[in-house]
Amino acid sequence: MAVPPTILQVLPALDSGGVERGTVEIAEAISAAGWRPLVASEGGRLAAGLGDAHVTLPLSAKSPWAIWRNSLRLAALARREGVSLIHARSRAPAWAALRAARRLGVPFVTTYHGTYNEGFPGKRLYNSVMASGDRVIAISRFIAEHLTRIHGIHPDRIRLIPRGVDPARFDPEAVPAARVMAMRAGWRVPEGAKLLLLPARLSRWKGQEVLVDALAQLPDSHAVLAGDAQGRQGLVASLLSRAAALGVADRLHVAGHVTDMPAALCAADVVIHASTEPEAFGRTVIEAQAMARPVIAADLGGPRETVRHGVTGWLVPPGDPAALARAVQEVLALPPAARAAIGAAARATVPTLAAMQDATLAVYRELLPGR
């Protein structure tokens, strides 16, 4: 009987975010296929769900010395556990994983999760490891085109696999009203107030300040920023100070990390994506669409592929608070039936988790003999 393959995924940590959740979802698919998943990272709140499949290694370290040490650690782990394929999802771990994979002669896969900044000398070389896989998974057409344009990678090595959402978990019919009411109460949003939700980790390019500025033009609305600050307390203070200066501090709620995202999305009248730099995909956008919520997204990057303006959501110029405020007013002025129709159209077209999992396993099979 053939021994099931062992697939090792590597990333810096497993705290929160689309990369992290995608890693866990693929580990689940590997297990469901009868294969053996392994995930190496520094750990985090999502690691416990992996049980013995998680191995703690210092993979967020970025110095050349640390990457070299991690390559030895990963090679030893892969040799000990009989790893059949290594899948890297972030740059520093990818450099270590590439060296380990080449040392052991096992296939190497990368998922290109972002455009990655190139503002410093040598940054393009550092980023290039994410284009070095035997197969490179692009999470959107936008990223596939970026790979070809920036790294010159041949399309034969690229596999386009959009991120997916679980329509059973993100199902508006499956969220009791009590959970929604509890969410709004926890945020201290007054009953009957219009609620704008921006679900994203706190980062300047995620556009939280754009929403704060737009809120000043929306006197009947409250805004919730739902996302981990990741230690950026200076940014939190800056947002609160900006809100106070604009007179909207009592209508801005900084919620931090939210575990029950289906209820959070259901609690929103409008879900906002306001990134000021191109998003590689925009997973929170499709989660909101799966919940049949009205979505307003910045018109750049991956969300252009999942939001059809006026059909499955709305697109606005990035970094433009006035345009965002106008779009919110337009959405809230629609009759409930019209909003519901757009929500239903969005839910019907979102890419699914099962499709993402199946396509990723298909990539592994391409590289594993006899699979």
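One can find the structure itself at the top, above this paragraph.
Colleague: So what about the overall build of the protein? Which residues, and what values?
Modeller: Scanning the protein for helices and strands turns up 13 helices and 13 strands. Computed over its C-alpha atoms, the radius of gyration of the protein comes to 21 Å, within 12% of the 21 Å expected for a compact globule of 371 residues. The principal-axis extents of the C-alpha atoms in the protein amount to approximately 60 × 45 × 35 Å. For the protein, the proportion of its 371 residues judged to be buried stands at 54%. Summarising the internal contacts of the protein: among those between residues at least 6 apart in sequence, 69% fall at separations of at least 24. Of the roughly 15600 Å² that the protein leaves accessible, carbon and sulfur atoms contribute 55%.

Colleague: Residues and numbers for the sheet that holds strand E2 (residues 36-41), please.
Modeller: One open sheet holds the seven strands; their spatial order is E3-E2-E1-E4-E5-E6-E7, and the pairing between them is parallel. The open sheet has two edge strands, strand E3 (54-56) and strand E7 (158-160), and neither has a second partner. Within this sheet the neighbouring strands show an average axis-to-axis angle of 25 degrees, counted without direction. Here strand E1 (residues 6-10) pairs with E2 via five bridges, running parallel.

Colleague: So what's going on with the sheet that holds strand E10 (residues 252-256)? Which residues, and what values?
Modeller: One open sheet accounts for six strands, arranged E10-E9-E8-E11-E12-E13; its pairing is parallel. The open sheet has two edge strands, E10 and strand E13 (314-316), and neither has a second partner. Across this sheet, the average inter-strand angle for adjacent strands is 25 degrees, counted without regard to direction. Direction of pairing for strand E11 (residues 270-273) relative to strand E12 (residues 295-298): parallel, over a ladder of three bridges. Across the sheet, residue Ile272 finds its bridge partner in E12, namely Ile296.

Colleague: Before we move on, could you go through the side chain of Asp269 and cite the residues and values that matter?
Modeller: Relative to the elements of secondary structure, Asp269 occurs in the loop between helix H9 (261-267) and E11. Each residue touching Asp269, except ones within four places of it in the same chain, is listed here: Arg184, Ala193, Lys194, Leu195, Arg293, Pro294 and Leu332.

Colleague: Which residues make up the pattern of salt bridges, and what values do they have?
Modeller: Enumeration over the complete set of coordinates arrives at 16 salt bridges. Between Arg102 and Asp134 there is a salt bridge, with its nearest N and O atoms 3.6 Å apart. With Arg102 in helix H3 (residues 91-104) and Asp134 in the loop between helix H4 (123-127) and strand E6 (135-138), this residue pair connects regions lying 32 residues apart in the sequence. Residue classification places Arg102 among the partly exposed residues on the basis of a relative accessible area of 43%. Salt bridges linked by common partners bring Arg21, Glu25, Arg283 and Glu287 together as one network.

The rules we used
Residues numbered from 1 in each chain as written. Predicted model: local features only at pLDDT ≥ 70, side-chain atom pairs only at ≥ 80, totals over all residues. Heavy atoms only, no water. Helix = DSSP H or I, 4+ residues; strand = E, 2+ residues; numbered from the N terminus. Rg over C-alpha atoms; globule rule 2.2 N^0.38 Å. Buried < 20%, exposed > 50% of the residue type's maximum accessible area, 1.4 Å probe, protein only. Contact = heavy atoms within 4.5 Å. Areas by Shrake-Rupley, 256 points an atom, 1.4 Å probe, with all protein chains shown as cover. Pairing = 2+ DSSP bridges. Axes fitted to C-alpha atoms, helices over the stretch in contact; angles between N-to-C directions. Salt bridge = Lys/Arg side-chain N within 4 Å of Asp/Glu carboxyl O.

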